[in-house]
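Tertiary structure, described
Here's the letter readout for the chains.
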Amino acid sequence: MDPVLKIVTVRSNGDSDRSVEATFTTDGRPQKNGQMTTIGKWDGQAIVLADALSQAGLDVSIERRYELSSDGKTLTFTSAWSTPTHQDDFVNKVVLAKK
């Protein structure tokens with residue numbers, strides 16, 4: 001499996017598009033992207049990115065999981081955010097289906 005993963009996020013507000021690129025390794029080595037440090041690894045058929053971020057004195061941990069279905073038609077992306085106090089924890093799940 002390829003040890004490098006490049007994620008390009010494009011956001012559009014109707015008038016303009018904004019693109020952000022981040023590169024990660026999937027071999028367990030820490031990777032710095034902006035203010036975040038990420039450790040990427042394979043978990044079976046899923047890629048898991050464990051992010052650590054400190055912002056405004058608050059430590060935030062984010063686990064992002066990308067999993068492709070066995071038929072290759074559905075990509076499930078789950079992100080779980082947590083803080084030391086657990087007051088602001090939440091999980092977000094997005095399921096993308098190929099047409």
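Below is a summary of the structure that appears in this document. (Residues numbered from 1 in each chain as written. Predicted model: local features only at pLDDT ≥ 70, side-chain atom pairs only at ≥ 80, totals over all residues. Heavy atoms only, no water.)

It is worth spelling out the overall build of the protein chain at this point. Across its full length, the protein chain holds 0 helices and 8 strands. For the protein chain, the sequential pattern of α-helices and β-strands runs β-β-β-β-β-β-β-β. Buried positions account for 20% of the 99 residues belonging to the protein chain. Of the contacts made within the protein chain by residues no fewer than 6 positions apart, 12% connect residues no fewer than 24 positions apart. Accessible surface for the protein chain amounts to roughly 7200 Å². Of this, 52% is attributable to carbon and sulfur atoms. (Helix = DSSP H or I, 4+ residues; strand = E, 2+ residues; numbered from the N terminus. Buried < 20%, exposed > 50% of the residue type's maximum accessible area, 1.4 Å probe, protein only. Contact = heavy atoms within 4.5 Å. Areas by Shrake-Rupley, 256 points an atom, 1.4 Å probe, with all protein chains shown as cover.)

What follows is about the pairing of strand S4 (residues 36-43). Where strand S3 (residues 27-33) lies against S4, 5 bridges are found, and the strand directions are antiparallel. Bridging from a neighbouring strand, Asn-33 pairs with Met-36 of S4. Taken together, the 7 bridges between S4 and strand S5 (residues 46-55) define a ladder with antiparallel strand orientation. Paired with Gly-40 across the strands is Leu-49, a residue of S5. From the end of S4 to the start of S5, which pair antiparallel, there are 2 residues, and Gly-44 there has a positive phi angle of about 65°. (Pairing = 2+ DSSP bridges.)

Roughly 700 Å³ of internal volume is contained in the largest pocket. Around the largest pocket sit 24 residues that line it, and Thr-9, Arg-11, Val-20, Met-36 and Arg-64 are the ones nearest its centre. For the lining of the largest pocket, the elements supplying multiple residues, two or more each, are strand S1 (4-12), strand S2 (17-25), S5, strand S6 (58-68), strand S7 (74-82) and strand S8 (90-97). Ranked by the residues each element gives to the lining of the largest pocket, the list is headed by S2, at 5 residues. Its residues placed into classes, the lining of the largest pocket shows 14 nonpolar, 5 polar and 5 charged. (1 Å grid on protein atoms, 1.4 Å probe; cavity = no way out; pocket = protein on both sides within 12 Å on 5 of 7 lines; lining within 4 Å. Points joined across faces, edges and corners; volume = space filled by probe spheres on them. Nonpolar A, V, L, I, M, F, W, Y, C, P; charged D, E, K, R; others polar.)

This next bit is on the nonpolar core. Soluble globular proteins tend to pack their nonpolar side chains together in the buried interior. Within the largest apolar cluster, 7 residues are counted, these being Leu-5, Ile-7, Ala-22, Phe-24, Ile-47, Leu-49 and Tyr-66. Breaking this core down by element, the ones donating at least two residues are S1, S2 and S5. If near-sequence neighbours (up to four positions away) are discounted, Leu-5 is found in contact with Ala-22, Thr-23, Phe-24, Thr-26, Ile-47 and Leu-49. (Core = buried A, V, L, I, M, F, W, Y, C linked by side-chain atoms within 4.5 Å.)

Our next topic: the pattern of salt bridges. Within the structure shown, the criterion is met by 5 salt bridges. Here Lys-6 makes a salt bridge to Glu-21, at a shortest N to O gap of 3.3 Å. Placement of the pair is Lys-6 in strand S1 and Glu-21 in strand S2, with a sequence separation of 15 residues. Judged on exposure class, the residue Lys-6 and its partner Glu-21 are both exposed. One connected set of salt bridges, linked through shared partners, spans Asp-43, Arg-65 and Glu-67. (Salt bridge = Lys/Arg side-chain N within 4 Å of Asp/Glu carboxyl O.)

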